[in-house]
Structure formats: structure tokens, C-alpha cells
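Spelled out, the chains give:
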Amino acid sequence: MDYRRLKDLPEDLLPRERLFQFGPEMLTNKEILAILLRTGSKGENVLDFAERVLMETGGMAGLARMSVHDLTRLHGLGSAKASELKAALELGRRSVSADPMTRPVINSPQDIAHLVMEEMRYLDREHFRIVSLSTKNHVLAISPISIGSLNSSLVHPRECFKEAIRRNSNAIILLHNHPSGDPTPSREDLDVTRRLADGGQILGIEVLDHVIIGDNRYISLKERGIL
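The rules we used
- Note that residues are indexed from 1 along each chain, following the sequence as it is written.
- Note on the predicted model: pLDDT of at least 70 is required for a residue's local features to be given, and 80 or more for side-chain atom pairs to be given and counted; whole-chain, interface and lining totals, by contrast, use all residues.
- The basis for every side-chain value is the complete set of non-hydrogen atoms in the structure, without hydrogens or water.
- We define the nonpolar core as a collection of buried residues of types Ala, Val, Leu, Ile, Met, Phe, Trp, Tyr and Cys that are connected through side-chain atoms lying within 4.5 Å of one another.
- Burial status follows relative accessibility: with a 1.4 Å probe on protein chains alone, a residue under 20% of its type maximum counts as buried, one over 50% as exposed, and anything between as partly exposed.
- The way it works is that DSSP assigns letters per residue, a run of H or I at least four long becomes a helix, a run of E at least two long becomes a strand, and they are numbered from the N terminus.
- Residue contacts are counted whenever heavy atoms from the two residues lie within 4.5 Å of one another.
- When DSSP locates at least two bridges between a pair of strands, those strands are taken to pair.
- Here an angle of 0 to 180 degrees is reported between the N-to-C directions of two axes, which are lines fitted to C-alpha atoms, with helices fitted over the stretch in contact.

A.B. asks: Even after reading the chapter, I still don't get the nonpolar core, so can you show me in this structure?
C.D. replies: Burial of nonpolar side chains together is a common tendency in soluble globular proteins. Leu33, Leu37, Val53, Leu63, Leu71, Leu77 and Leu85 are the most contacted members of the largest nonpolar core, which has 17 residues in total. For this core, the secondary-structure elements that each account for two or more residues are helix H2 (29-37), helix H3 (46-57) and helix H6 (79-97). Looking at this core element by element, the count peaks at 6 residues for H3. Ignoring anything within four residues of it in the chain, the contact list for leucine 37 reads Val46, Phe49, Ala50, Leu77 and Lys81.

Take a look at the structure:
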């Protein structure tokens, strides 16, 4: 029999029953994902479907990095399931970031690079983000600002500092990637950095650094003496 739906599975295999009996911490990633997916796809039950999704995305870390549009490209994941799955992953991410004890602390450019390298090194367009920091350099948020070639029209101080002010940030770090893999700063990178640093001085929110991510390497403009 093809047990495509959770309720059709034998009772000892039901992830929901196991969750109630043993607690969520005792479930495998496959079982947790199966609860979110609820039904399988053509020719595979929901547990097999969940296992395939994890294999094709590189596990939970890879799954969390995927956009909702990427998820819809997986066989068996329509827009509804992809949206629900992405929402659940985002909820988990926010619950972790909301706890000050679990927020990363940034003490060096290497800390930033370690935090974002595996995601940003594979992006096929330039993504500009700001890292909002507390007075003790805890990461409050990493906020997307623009996607596309970096220039002053795409990266406006108003948008950057609006996020920083909203999160009551003490300081920010500028962050973007070079899809070419070479993190060497361009003239546009330097111009944007200086413009935002000047804006930060006016607002009292220090721009601590601008970290450019390449292919498994990075450059810190702070370390280069530009900031």
C-alpha cells in the first residue's frame, strides 16, 4: 500500500504520534519535515518524500538557505507547501534570534564571514545587507537592503539606517557578496562605504566594517584601513 498521507501510515510510524509520545526532540529531521509536508508526492509516501527533500537540498542547513522559489522547483513541492515550509523555517529562525543567549557575537571580520560564508558565496547576484549590532556586539538582525550591482542608487542611507534605527542598533556592519568569487572591492564598493559611514556619523550609529564575501574568502575594509 502507498501510504502517501500521514494518517494512512502504520501507527508506530506516525511522526505526530511519536511527537506526542516522546516529544519533538526525539524525532528525526525527516519525521519533523514529514509533519510539515503532511502528504507525499506521486509514487512515494510522506516519509520518503521528506527524506528526498532533505537529500536534494543538503539537509536542514541547505533547506533553510533555500528561497521559496527554489523550493517550488523540487518535485512534489507546489507553491502552497513551499510557502508553508518556508514560513515554518523562518519562524524557527526568528525564535532563535529572539533569544539574546543564542545571538552570535561579532568580535572580528572572521566572525561575520563564518556566519554568512556558506550562504553568500553561492549567490549569483550581489546581495547587500546590514548586520545590526547591540552595545555588546550581539547580532540583532541581518537585514537585506538590495539585490543587484552595488551603487549609490540601490544602497541608500535611508534604507540602511531605517533598519538599524528600528532595531535600536548601536552599530552596523555592511555586508555584500561578489558573485565572481573575487572579493576585491570596486570603486562603487568604496563610494558606498564612505557614504554610509558619513551617514552613520550623523545618526550616531557607527559603521564598524564593510565585509565583502567571495568564494570561500573575504575582504574587510576595516582591516584594509578604509574604515
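A.B. asks: Would you explain the pairing of strand S1 (residues 127-133) in this entry?
C.D. replies: Regular strands place their side chains on alternate faces of the sheet. Burial analysis of S1 places 7 of its 7 residues in the buried class, the great majority of the element. Of the two faces of S1, the one lined by His127, Arg129, Val131 and Leu133 and the one lined by Phe128, Ile130 and Ser132 are each fully buried. The sheet contact formed by S1 and strand S2 (residues 139-147) spans 7 bridges and is antiparallel. Within S2, the residue paired with serine 132 across the bridge is alanine 141. In this structure, the hairpin formed by S1 and S2 is closed by a connection of 5 residues, where asparagine 137 is found at a positive phi of approximately 65°. Inspection of the sheet shows S1 paired to strand S3 (residues 171-177) by 6 bridges, in the antiparallel sense. Within S3, the position partnered with serine 132 by the bridge is isoleucine 172.

A.B. asks: I'm lost on the pairing of S3 in this one. Help?
C.D. replies: Of all 7 residues in S3, 7 are buried, a share of seventy percent or more. Here S3 shows a buried face lined by Ala171, Ile173, Leu175 and Asn177 and a second buried face lined by Ile172, Leu174 and His176. Taken together, the 7 bridges between S3 and strand S4 (residues 206-213) define a ladder with parallel strand orientation. The partner of alanine 171 across the bridge, within S4, is glutamate 206.

A.B. asks: Sorry if this is basic, but what is going on with the sheet that holds S3 here?
C.D. replies: Sheet strands associate in pairs through backbone hydrogen bonding, adopting either a parallel or an antiparallel arrangement. As summarised here, the arrangement of the 5 strands in space is S2-S1-S3-S4-S5, forming an open sheet in which the pairing is mixed. Either end of the sheet is taken by a strand with one partner, and the two such strands are S2 and strand S5 (218-220). Strand-to-strand twist across the sheet, computed as the mean angle between neighbouring axes with direction ignored, equals 20°. In the sheet, S4 pairs with S5 via 3 bridges, with the strands oriented antiparallel. In the strand pairing of S5, valine 211 is matched with serine 220. Relative to the sheet, helix H7 (residues 109-120) contacts S1, S2, S3, S4 and S5, its axis offset from that of S4 by approximately 45°. The strands touched by helix H8 (residues 157-166) are S1, S2, S3 and S4; relative to S1, the strand with the most contacts, the crossing angle is about 30°.

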